[in-house]
Amino acid sequence: MQAKRFFSTHDPVNLAVKRMDTPEPLPAPLEVRLEVAVRSLRSPTQRGRRDNQDNYLVVNGQGQCRFLSDQQETQRQLPDWPPGHWRVAVLDGMGGHSHGREAAERAVAGLLALPVATDLDQLSDALDALHHQLYEEFQRAGLETGCTLILLEIPPDGPALLFHVGDSRVYAINSEQVECLTVDHVPATHLALLGLVDNIRWFQQVHVRPNSQISQAFILGSTLGVPSLDVKPLDATLFELHDGNLPLFLRGLGDRRLLPLQSGWIYLLASDGLWHLSNPQAFIRRWPILLGESPHSLEEMLDVLFVELANYIRHQQSQPDDNCTVILLRVPDTSPPSPVPQSTTQGNSHA
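Below is a short write-up of the structure.

Thresholds, definitions, all that
Residues numbered from 1 in each chain as written. Predicted model: local features only at pLDDT ≥ 70, side-chain atom pairs only at ≥ 80, totals over all residues. Heavy atoms only, no water. Core = buried A, V, L, I, M, F, W, Y, C linked by side-chain atoms within 4.5 Å. Buried < 20%, exposed > 50% of the residue type's maximum accessible area, 1.4 Å probe, protein only. Helix = DSSP H or I, 4+ residues; strand = E, 2+ residues; numbered from the N terminus. Contact = heavy atoms within 4.5 Å. Phe/Tyr/Trp six-rings, centres within 6.5 Å; stacked < 30°, edge-to-face > 60°. Axes fitted to C-alpha atoms, helices over the stretch in contact; angles between N-to-C directions. Parallel < 35°, antiparallel > 145°, perpendicular 65-115°, else oblique. Left-handed = near helix turned anticlockwise from the far one by under 90°. Nonpolar A, V, L, I, M, F, W, Y, C, P; charged D, E, K, R; others polar.

1. Focus on the nonpolar core
Item 1. Residues Leu91, Leu111, Leu149 and Phe218 are the most contacted members of the largest nonpolar core, which totals 30 residues.
Item 2. The element contributing the most residues to this core is helix H2 (residues 100-112), with six residues.
Item 3. In this view, Leu91 contacts Asp54, Asn55, Tyr56, Ala104, Ala107, Val108, Leu111, Cys147, Thr148 and Leu149; residues no more than four positions away in its chain are not counted.
Item 4. Leu274, Leu277, Phe283 and Leu302 belong to the second-largest nonpolar core, a separate cluster that totals 26 residues.

Following this line, the structure appears as structure tokens:
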């Protein structure tokens, strides 16, 4: 199943659960404690793609949402949105098929109409239903296209709910390390499910070498999980990766799971244009310096990140730059400041 892509980082990380409990009534929910910045570029160097087939959705804790319509940012107020509840998503229309931008836009429209979810089953059922609805719609129109989908549903009093399809990714970044929190739905992952590649070969094929294929997409369907490598017709049902079918070296990185958001980390959701480089790991290893230690706002961090990305693209010369969409998310540290040490000397008298 042609499209775009490829992958990155090292061993899975288990972030300890830290519930974000807030007293009732909610005074200023995550609107105060959650910082989000989003950027979507047609071409980081202005010399690449002619149009932007990426999209995104940010719904903040007051129901104010941002997304792309006809490649232009659009804002809307959602009625009756629960205070403190957030929804963020990145979508990458499949450039190897027709109407990739339309697929991503239709998926965003569906996400805007999606009821608020507070548990994984509720979220999974709603998104599976949306996928099937759009799959039938595009099939009737004779359009074989789809998009990736990374979505975080963030209730005000609990961990985020993660839903993932395709090869867009979620990373966690601090001042010391970068951790990839998702598994790309690509042929190398299919080989890993069949026991035909080990962790080293999988990492090389997914996180190091450029790739232009994915095995599953929202709206389009799936070839992931079939018991052989023979070309099969697309399955209309999405194939979920979970601890029951993932190889040991990918356990804990299921597609639909709880993802506690920790202060001290930057969470990055992105389409593959962010690492579509001849040497993606060289760039990704720079992220703790660019993002993890920065005292600046997330908007300023995005400026730095995209300047660095454009420099990498120009230096590699052989590959045109792709659409690139990034959402940065941070939970500020709300722990009370340490008290100022008190001097044990109340006063000094001099003779």
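2. Overview of the packing of aromatic side chains
Item 1. Enumeration over the complete set of coordinates arrives at five aromatic pairs.
Item 2. Taking 5.0 Å as the distance between ring centres and 85° as the angle between the ring planes, the aromatic pair formed by Tyr171 and Trp287 counts as edge-to-face. Of the two residues, Tyr171 sits in strand E8 (residues 169-173) while Trp287 sits in helix H7 (residues 287-292), which places them 116 residues apart along the sequence.
Item 3. You can call Trp287 buried: its relative accessible area is 0%.
Item 4. Taking the centre distance of 5.1 Å and the plane angle of 45° together, the rings of Phe283 and Tyr312 count as tilted.

3. Observations concerning the packing of H2 against helix H3 (residues 120-140)
Item 1. At a minimum axis distance of 11 Å, the contact between H2 and H3 shows a crossing angle of 140°. As the angle between them shows, H2 and H3 are arranged oblique. Here H2 and H3 pass one another in a crossing that is right-handed. From H2, Glu102, Ala103, Arg106, Ala107, Gly110 and Leu111 reach across to H3, where they touch Leu127, Leu130, Gln133, Leu134, Glu137 and Phe138.
Item 2. Across the contact of H2 with H3, the residue classes break down as seven nonpolar, two polar and three charged.

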